[in-house]
Each structure stands twice: as structure tokens, then as C-alpha cells.
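Each chain, letter by letter, is given below.
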Amino acid sequence: MKQTKSYTIPKRLIYEAYKRVKANKGGAGVDGQSMKDFEQNLENNLYKLWNRLSSGSYFPQAVKRVEIPKSDGGIRPLGIPTISDRIAQMVVKIEIEPELEKHFHPDSYGYRPLKSAHHAVAKVKERCWQRGWVLDMDIKGFFDAINHDLLMRAVEKHVKETWQLLYIRRWLEAPVQYTIGELEQRTQGTPQGGVISPLLANLFLHYAFDQWIEAHWTGIQFERYADDIICHCKTEQEAIALKSFLVERFTECGLQLHPEKTKIVYCKSWKYKQAHEQISFDFLGFTFKPKKVKNKDGRMMLSFQPGISQKSAKRIRAEINSWPWNYWLQGDTKSIVAHARNKIRGWMVYYGRFCRWEVIDVLNHFDKRLSRWAERKYKKLKTIKQAVKRVRGARKASPWLFAHWSRVGYKVG
């Protein structure tokens with residue numbers, strides 16, 4: 001007698017989900033199983049997952065809690081599902097994302113196909129020229145504060161397959177396991193680090209913010225990258241009123257605007273006045289503030305522009321300092337190039353999209369560390385001045401070696 005399954009899920013979908021999870025990389029969950037471990041018995045592991053998903057007997061394991069230090073001294077809590085659970089989440093994401101994409105707002109940029117952080121930053125830059133005031137919002141602990149019932153109401157509006165609804169609810173309710181082994185049951189939130197969490201978070205804010213703004217504040221322009229939100233207002237009074245109403249709106253949705261990090265900023269480039277209390281804000285690793293730049297006629301003018309933020313710059317310098325410079329004394333520059341080249345290029349590609357010279361200035365810290373390494377490595381370099389001269393010579397002779405040494409710009413669409 002042929003066995004029938006409760007739900008029809010193609011096996012090819014499981015395999016496609018596995019390939020995407022593998023491409024995203026990531027560490028092991030609470031079971032300690034890495035992708036390499038999972039692949040040692042790949043066919044059987046994928047079959048077992050398909051069988052459980054198809055029969056309705058799939059239950060996710062606890063989510064591994066990992067705390068990542070933030071530049072402001074706080075922590076960013078991440079939730080890492082197991083490899084099997086990440087593949088299962090990817091199965092549902094592949095199925096429901098195309099439908100949700102039809103409804104998402106064009107000014108929602110985070111974790112969406114064909115949209116990027118650069119698109120969001122460029123749009124903020126454009127609109128700061130058009131309107132003089134910005135409401136820069138920070139939602140306190142957003143991913144951990146999402147109301148399950150409100151989220152499921154939004155999910156049920158678009159997702160009709162019973163098995164998809166069943167597993168989304170189970171993922172939301174899966175407990176969190178801390179490093180000491182303690183389990184915590186969840187009644188709200190979706191783990192930042194889960195495959196499907198960004199999609200669910202976007203859906204939640206689509207109704208909590210995007211559609212609400214369009215319905216109640218016609219004409220307000222905004223850019224949203226997940227829970228990072230910038231609103232553009234015509235006057236300070238409009239920004240103050242909008243902030244007041246949004247405090248109430250987010251409270252209704254179980255969220256809280258961070259009282260210290262949410263601020264109103266003056267950004268009219270050609271009417272900049274020292275009298276305004278707030279004249280800069282951070283967004284996606286960039287700081288928007290007045291800068292003196294040359295116009296088309298070669299004259300200096302004040303312009304409200306994005307450039308790498310101090311937090312991002314500090315983080316980059318700290319990472320460069322953490323590299324194994326002492327260990328590299330036993331080798332040669334090939335080890336340094338192999339370790340640093342792609343990292344530096346990544347920073348240049350991302351932060352060099354706007355005010356490229358600012359990130360080059362930050363990455364010159366690498367040259368300083370390289371000079372100190374060279375002084376210690378090569379005995380004929382008697383002083384740091386000689387070492388600096390040698391690094392400058394290498395930079396001139398081989399500008400292709402590191403991205404910030406080259407005059408070629410790095411642009412991302």
C-alpha cells in the first residue's frame with residue numbers, strides 16, 4: 001500500500017533550500033552539527049527532513065543564543081537554528097517570499113531581492129536635498145519584541161498553505177538555549193539569525209509602519225532597512241508631530257522607539273545653521289552630515305552627504321589591530337596579503353560608495369600597522385620613518401595589491 005503524506009512538498013525544494021543555506025554559511029546550532037557534519041550523510045539527512053516536513057511531524061530544536069558585542073557597549077542577541085532547521089526555514093521562505101514581495105513597499109530595502117543598503121543610502125541622500133528635516137528612528141530590541149499574534153495575523157493574510165502556517169508558528173515558539181544550557185520559552189520575538197526571520201520582520205513592519213504611514217501621513221517620504229527607519233519631513237513641527245504619533249503607533253504594536261537614539265535632525269544643505277541642535281545622523285554604517293565639497297564650477301559649498309561613520313571606522317581599526325601581526329613576523333608579506341586583501345576590498349566596496357576618500361583615510365590605519373610590522377621584520381629598517389617610506393614605495397609600485405591603494409573606484413548598484 002502506497003504511503004501518503006499529509007503535505008505535498010517536492011524533494012527538489014528541500015535540495016534547493018540546502019544549497020542556499022550552504023551558500024549563506026553560518027555556524028552550528030544547539031546540536032553542534034556543522035554543515036560539514038551534515039553533509040557526511042547528506043542524502044539521508046535531507047530525506048529525513050523531507051519526511052518530517054511532509055508528514056507534519058517536524059518540530060524545530062531550540063535556537064542557540066549568541067551575544068555579539070556592539071560598538072556602543074551593548075550586545076546584539078543572535079539566534080542560530082540548527083542546520084536542519086535553517087534548511088526547513090529556507091523551504092518555506094522560497095515558497096512564500098515571491099507572494100510577499102508583491103505587497104512590500106518600494107522604500108523597504110532590507111533583505112529583499114534586487115535591493116541593497118546602497119540603494120537605501122542613495123535614496124536618503126537624494127531626499128535630504130529635497131526636505132529639510134529627518135526623523136531618525138531606532139526601535140528598541142525589535143527582533144525580540146515582535147508580537148506573535150499580530151505577526152501571525154499578517155502571515156495568515158498572505159500565506160494559505162496549512163503546513164507553512166504550522167511551521168512558522170512552531171519556529172516562533174521554539175525555545176532559546178543559552179550557552180550555559182538554560183532554556184527559555186518564547187512568547188514574542190523572532191530570532192535575529194534565523195533564515196526566515198528577516199522576511200517575517202519585514203512583513204510585521206509592512207503593516208505596523210509602511211502601510212500605516214501611507215494611510216495616515218500622506219506625503220511623508222521614508223526609507224526602511226529592516227528596523228532602521230528614516231523619515232523625511234518638510235518642517236520641524238511636522239517631524240515633532242510625526243514622532244509623537246509614531247510613539248503611539250509602535251506602542252499599539254508592542255514596540256518601543258528608543259528615547260535616546262530616536263532624534264530629529266536638520267539636514268537642509270544650503271541653509272545649514274549652527275543653531276540647530278542635531279545636524280547629523282547614522283544610517284547603515286554611514287554618517288549623514290554637512291560637508292564642504294566642490295561643485296561643478298570648482299567652488300566650495302556645504303552639502304549634506306553620507307560618509308563612513310565613526311562607529312564603523314572604529315570597528316575597522318579595531319579589527320585591523322586584532323590581526324596576527326606578531327605571528328606574521330615569522331613569514332612574509334604573502335601571509336598579510338592573503339588575510340587582508342579581501343577584507344579591505346569588502347570595506348572599500350561598501351563604504352567607498354559614498355565619500356570614498358573618508359574610508360581610504362580609515363584604511364590608512366592598515367598602512368600604519370604594516371609599517372610597524374616592517375620595522376620589526378626587516379633589520380635594515382632602523383626607524384619607523386624608513387618603514388613608512390618602504391610601505392609608500394610598495395603602494396606606488398603595486399597599487400593593485402590592496403583596494404585602498406588603487407585610484408580605481410569601487411561602485412555597487
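The following refers to the structure shown. (Residues numbered from 1 in each chain as written. Predicted model: local features only at pLDDT ≥ 70, side-chain atom pairs only at ≥ 80, totals over all residues. Heavy atoms only, no water.)

### As for the sheet that holds strand E10 (residues 286–294)
1) Next: Reading across the sheet, the three strands line up as E9-E10-E11 and stay open at both edges, with antiparallel pairing between neighbours. Edge positions in the sheet fall to strand E9 (281–283) and strand E11 (300–308), since each has one partner strand and no second. Each strand of the sheet is rotated relative to its neighbour by a mean of 50 degrees, with strand direction disregarded.
2) Next: Bridging between E9 and E10 involves three bridges; their strand directions are antiparallel. Looking at E10, one finds that phenylalanine 283 is bridged to phenylalanine 286.
3) Next: Sitting on the sheet, helix H5 (residues 117–130) is in contact with E9, E10 and E11, with an inclination near 155 degrees to E11.
4) Next: With respect to the sheet, helix H11 (residues 310–322) is in contact with E9, E10 and E11, its orientation differing from that of E11 by roughly 50 degrees. (Pairing = 2+ DSSP bridges. Helix = DSSP H or I, 4+ residues; strand = E, 2+ residues; numbered from the N terminus. Axes fitted to C-alpha atoms, helices over the stretch in contact; angles between N-to-C directions. Contact = heavy atoms within 4.5 Å.)

### Remarks on empty space enclosed by the protein
1) Next: According to the stated counting rule, one finds two cavities of 30 Å³ or more in the structure shown.
2) Next: Its boundaries defined by the atoms lining it, the largest cavity holds a volume of some 80 Å³.
3) Next: Lining of the largest cavity is provided by 14 residues; of these, Val63, Pro81, Gln89, Trp171 and Pro191 occupy positions nearest its centre.
4) Next: For the lining of the largest cavity, the secondary-structure elements that each account for two or more residues are helix H4 (83–101) and helix H8 (162–173).
5) Next: Class assignment for the residues of the lining of the largest cavity results in eight nonpolar, five polar and one charged. (1 Å grid on protein atoms, 1.4 Å probe; cavity = no way out; pocket = protein on both sides within 12 Å on 5 of 7 lines; lining within 4 Å. Points joined across faces, edges and corners; volume = space filled by probe spheres on them. Nonpolar A, V, L, I, M, F, W, Y, C, P; charged D, E, K, R; others polar.)

### Digging into unusual backbone geometry
1) Next: Positive phi values are uncommon outside glycine, yet alanine 226 reaches one of about 55 degrees.
2) Next: Summarising the element assignment, alanine 226 is placed in the loop between strand E6 (221–225) and strand E7 (228–233).
3) Next: In the Ramachandran plot, leucine 284 falls in the positive-phi region, its phi being about 55 degrees despite a non-glycine side chain.
4) Next: Considering the arrangement of structural elements, one finds leucine 284 in the loop between E9 and E10.
5) Next: Leucine 284 sits in the buried class, given a relative accessible area of 15%. (Buried < 20%, exposed > 50% of the residue type's maximum accessible area, 1.4 Å probe, protein only.)

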